[in-house]
Amino acid sequence: MPPLMVGFDLDMTLVDSRPGIAAAYRALTARTGVFVDADAAVSRLGPPLRTEIARWFPPERVEEMVVAYRELYPAYAITPTLPMPGAEAAIDAVHARGGRVMVVTSKIGRLAKLHLDHLGLAVDELAGDLFAEQKATALREHGAVLYVGDHVADMTAAKTAGIPGVAVATGPCTQDELQAAGAHTVLDDLTGFPAALDRIIRLAFTG
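Procedures and definitions
Along each chain, the written sequence defines residue order, and numbers are assigned to residues from 1. Confidence filtering applies because this is a predicted model: local features only for residues at pLDDT of at least 70, side-chain atom pairs given and counted only at 80 or more, and all residues used for totals across whole chains, interfaces and linings. Computation of side-chain values covers all heavy atoms of the structure but excludes hydrogens and water. Here, the term nonpolar core denotes a set of buried Ala, Val, Leu, Ile, Met, Phe, Trp, Tyr and Cys residues that are joined through side-chain atoms within 4.5 Å. Partly exposed describes any residue whose relative accessible area lies between the buried limit of under 20% and the exposed limit of over 50%, with all areas from a 1.4 Å probe on protein chains only and scaled to the type maximum. Segments assigned H or I by DSSP are reported as helices when at least four residues long, segments assigned E as strands when at least two residues long, and all are numbered from the N terminus. Two residues qualify as a contact provided that any one of their heavy atoms is within 4.5 Å of a heavy atom in the partner residue. The bend reported for a residue corresponds to the angle between axes fitted to the seven residues ending at that residue and the seven starting there. The angle between two axes is taken between their N-to-C directions and runs from 0 to 180 degrees, where each axis is a line fitted to C-alpha atoms and a helix contributes only its stretch in contact. For classification purposes, angles smaller than 35 degrees are called roughly parallel, those larger than 145 roughly antiparallel, those between 65 and 115 roughly perpendicular, and all remaining angles oblique. Each residue gets one of three labels, nonpolar for Ala, Val, Leu, Ile, Met, Phe, Trp, Tyr, Cys and Pro, charged for Asp, Glu, Lys and Arg, and polar for the others, Gly among them. For cavity detection a 1 Å grid was placed over the protein atoms alone, and a set of points counts as a cavity when a 1.4 Å probe fits there but cannot get out; an open set counts as a pocket when protein lies on both sides within 12 Å along at least five of seven lines, with lining residues being those that have an atom within 4 Å of a point. Grid points are joined across faces, edges and corners, and a volume is the space filled by probe spheres set on the points.

Draft legend 1. Spatial organisation of the nonpolar core. In terms of nonpolar packing, the biggest core is built from 28 residues, with Val-6, Phe-8, Leu-14, Val-94, Val-148, Leu-190 and Phe-193 touching the most fellow members. Among the secondary structure elements, those contributing two or more residues to this core are β1 (5–8), α5 (87–96), β4 (100–104), α6 (109–119), β6 (146–149), β7 (165–168) and α10 (193–206). Excluding residues within four positions of it along the chain, Val-6 makes contact with Val-94, Arg-100, Val-101, Met-102, Leu-146, Val-148 and Phe-193. Within the second largest apolar cluster, 27 residues are counted, among which are Phe-57, Val-62, Val-66 and Ala-77.

Draft legend 2. Spotlight on helix α4 (residues 62–77). Taken as a whole, α4 carries its principal kink of about 30 degrees at Glu-71; the proline Pro-74 stands between one and four residues after it. Buried within α4 we find Val-62, Met-65, Val-66, Ala-68, Tyr-69, Arg-70, Leu-72, Tyr-73 and Ala-77. Next to the buried residues of α4 lie α1 (18–32), α3 (49–56) and α6.

Draft legend 3. Geometry of the packing of α4 against α6. It is the contact of α4 with α6, at a shortest axis distance of 11 Å, that shows an interaxial angle of 5 degrees. Judged by the angle between their axes, α4 and α6 are roughly parallel. Within the contact between the two elements, α4 uses Arg-70, Tyr-73, Pro-74 and Ala-77 and α6 uses Arg-110, Leu-111, Leu-114 and His-115. Counted by class, the contact of α4 with α6 contains five nonpolar, one polar and two charged residues.

Draft legend 4. Spatial organisation of the layout of surface pockets. Volume-wise, the largest pocket comes out at about 310 Å³. Considering the residues around the largest pocket, the lining is formed by 20 residues, among which Tyr-25, Leu-45, Pro-47, Pro-48 and Leu-49 are closest to the centre. With four residues, α3 is the largest single contributor of residues to the lining of the largest pocket. Here the lining of the largest pocket is composed, by residue class, of 11 nonpolar, three polar and six charged.

Draft legend 5. Layout of empty space enclosed by the protein. Applying the stated criterion to the full structure yields one cavity of 30 Å³ or more. Each pocket or cavity is described by its volume, and for the largest cavity that value is around 70 Å³. Taken together, Asp-9, Asp-11, Leu-45, Gly-46, Thr-105, Ser-106, Phe-131, Lys-135, Asp-150, His-151 and Asp-154 make up the lining of the largest cavity. Taken together, the residues of the lining of the largest cavity break down into two nonpolar, four polar and five charged.

Draft legend 6. Seen up close, the side chain of Lys-107. Considering the arrangement of structural elements, one finds Lys-107 in the loop between β4 and α6. Residue class for Lys-107 comes out buried when judged on its relative accessible area of 10%. When neighbours within four sequence positions are excluded, Lys-107 is seen to be in contact with Leu-10, Asp-11, Ile-21, Tyr-73, Ala-112, His-115, Gly-128 and Asp-129.

So this is what it looks like as structure tokens:
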């Protein structure tokens, strides 16, 4: 049997970063004088930062504002962020079966690492600044046998990588949307992951 490597998304899969991201957007508003509806922004986490920034700033300012937001992020977004229910147990369940855990996220790696270190989430590999089909490259490179995420784009990533997508309905997408996007398994949240893992592993290895 190939080695067990399980990929996880970050925002709204392993961590609830909404309070921290909202604080960072409010700080960006304070710095620039341009209103960003932080509550609306955190209701649709998943796509790359530039997608959200482009809703509030003209095209010629998007890159500048991405840089500004990322400068503010460590001071505002890390401390308020909490682990999602079951996140630590889900990682432990993989490790207990001799497996390894990787995080593949649209967030840039250095900021994702700040979250993981702050919360003490023991992941083995990290790949950042990837979204949807782009995530498949990292999943394939590290030999992931399944990918866990909260967004329909995460199910696209799993499908593109040729591995099962395990969905958690803890983000902006409904269970029906996740199922329609190709999820092999849909869980209410990660608290159900350890109990389902052996069945999911069999699915990953046997199809």
